[in-house]
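Summary of structural features
Residues per chain are reported as follows:
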Amino acid sequence: MDRSNKEIKPGCCFPVRLDRSMRRSFKFSRSSSSDKLIKGSPKTGDTPKLRSGAPVKSPGLVACFGELLIDFVPTVSGVSLAEAPGFKKAPGGAPANVAVGIARLGGSSAFIGKVGQDEFGYMLSNILKENNVDNSGMRFDSHARTALAFVTLRADGEREFMFFRNPSADMLLTEAELDKDLIRKSCIFHYGSISLIEEPCRSTHLAALKVAKEAGCILSYDPNLRLPLWPSAEAARQGIMSIWDQADVIKISEEEITFLTGGDDAYDDNVVFKKLYHPNLKLLLVTEGPEGCRYYTKEFHGRVHGVKVQAVDTTGAGDAFVGGLLNSLATDPDLYKDEKKLQEALLFANGCGAITVTEKGAIPALPTKEAVFKILAAATA
């Protein structure tokens, strides 16, 4: 797939080009599930169990494991952190973004992780609850603060990060604090790679993976590379790949392909199949920002184009995409076996990502199902 002669324009368009079959097949039906009343999170002890003692599976539940933090986004784009006149406070953290994204679409989600026993930690816990995310798997640390990230926005909406977490509470989650029953009753277990950087969170992450696999959960992995957080580039590469062959679904970006393969062409399908597609993988997705995404399964592979919008802040776009896909996968676990259904689900996920870049911050910008239907209807009109 040669793109050497293709001009990439900064800034912002998510073009969509759908053939007639996709226009006919994509149904813009509304679901009442997104109108659910916001309720308090259930307590861990209230988890229903079978006579064997195993928790009952909760239909469609997606458990998201990892970090939850505060993003500080400059009020003015295209300036350095030092030059920014002010910052907008926004909740963030990739796994938490995915959890909220699913819930805002009308799905069922839970978050498992740790924050500081401080005002930011309480605020984040309340935001999850207000967005109908089960926060019973959250823990609070009285000795470490909630993580902070300052996000520099370039003029084209792309961003750079500066983290404050040395250590932050999310790094200190222990296996003893892990809500294993919440994982067992989930149908999908979603996670990233940041929780693999430091102990004790790394061991807790591996324990959670073991529980999820034994419980028959679909394992969803978004490496979400944040190189400044790792001791070195090689440590990041090894850490990310250390759990690669356990996942059923993996979502990566073009830049992450280049990084993980040591500089290979991110647009070469042979590179993806030979170096990144492992035997047990059900679905590998490559997001391409404005261009949409590519998909790879054992039986077929292809591309779904994006949706045209004006980008303001790309923070959270990939998480919105993942939330859109997992929301579909939670209701149809065999989605990846039918190429037409998969294309429809990925078009929906692209719509989720496109809407998210039109507003600053991740969680505040995540869309409802109705908003996605609206933008897709306009794109296919």
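Each value, and the rule that gives it
Residues numbered from 1 in each chain as written. Predicted model: local features only at pLDDT ≥ 70, side-chain atom pairs only at ≥ 80, totals over all residues. Heavy atoms only, no water. 1 Å grid on protein atoms, 1.4 Å probe; cavity = no way out; pocket = protein on both sides within 12 Å on 5 of 7 lines; lining within 4 Å. Points joined across faces, edges and corners; volume = space filled by probe spheres on them. Nonpolar A, V, L, I, M, F, W, Y, C, P; charged D, E, K, R; others polar. Helix = DSSP H or I, 4+ residues; strand = E, 2+ residues; numbered from the N terminus. Disulfide = S-S within 2.5 Å. Buried < 20%, exposed > 50% of the residue type's maximum accessible area, 1.4 Å probe, protein only. Pairing = 2+ DSSP bridges. Right-handed = clockwise from strand over helix to strand, strands pointing away. Phe/Tyr/Trp six-rings, centres within 6.5 Å; stacked < 30°, edge-to-face > 60°. Lys NZ or Arg CZ within 6 Å of the ring centre and 35° of its normal.

This part is about empty space enclosed by the protein. One pass over the full model with this rule turns up three cavities of 30 Å³ or more. Looking at the largest cavity, its volume works out to about 70 Å³. Contributing to the lining of the largest cavity are G66, E67, G113, R165, D170, M171, L173, I194, S195, I197, E198 and C201. For the lining of the largest cavity, a count of residues per class yields five nonpolar, three polar and four charged. Around the second largest cavity sit H190, S220, Y221, D222, V249, I250, K251, L285, F321, V322, L325 and L326, which together line it. Looking at the lining of the second largest cavity element by element, the count peaks at four residues for helix α9 (residues 317–331). Here the residues of the lining of the second largest cavity sort into eight nonpolar, two polar and two charged.

Moving on, we come to the state of the cysteines. Applying the stated criterion to the full structure yields zero disulfides. For the unlinked cysteine C187, the closest cysteine sulfur is that of C217, found at 7.5 Å.

Burial analysis of helix α2 (residues 94–104) places eleven of its eleven residues in the buried class, the great majority of the element. All of the buried residues along α2 are A94, P95, A96, N97, V98, A99, V100, G101, I102, A103 and R104. Immediately downstream of α2, the backbone of G106 shows phi near 100°, a positive value.

This next bit is on the pairing of strand β9 (residues 218–221). With burial as the criterion, each face of β9 is covered, one bearing I218 and S220 and the other bearing L219 and Y221. In this structure, strand β8 (residues 188–191) lies alongside β9, joined through four bridges in parallel fashion. By the bridge assignment for β9, F189 is matched with L219. Of the crossover connections in this fold, the one passing from β8 over helix α5 (residues 201–214) to the parallel β9 is right-handed. Of the strand pairs in this sheet, β9 and strand β10 (residues 249–253) are connected by two bridges, and their pairing is parallel. Across the sheet, residue S220 finds its bridge partner in β10, namely V249.

This part is about the packing of aromatic side chains. Inspection of every chain in the model, using the stated rule, returns 14 aromatic pairs. Seen in terms of ring centroids, F273 and Y277 are 5.7 Å apart; in terms of plane orientation they differ by 50°. Their pairing is tilted. The class of F273 is partly exposed, set by a relative accessible area of 30%. You can call Y277 buried: its relative accessible area is 13%. Each residue in the set F65, F189, Y191, Y221 and W244 is aromatic and connected to the rest through ring pairs, giving one cluster. The side chain of R237 reaches across the aromatic face of F259, ending 4.4 Å from its centre.

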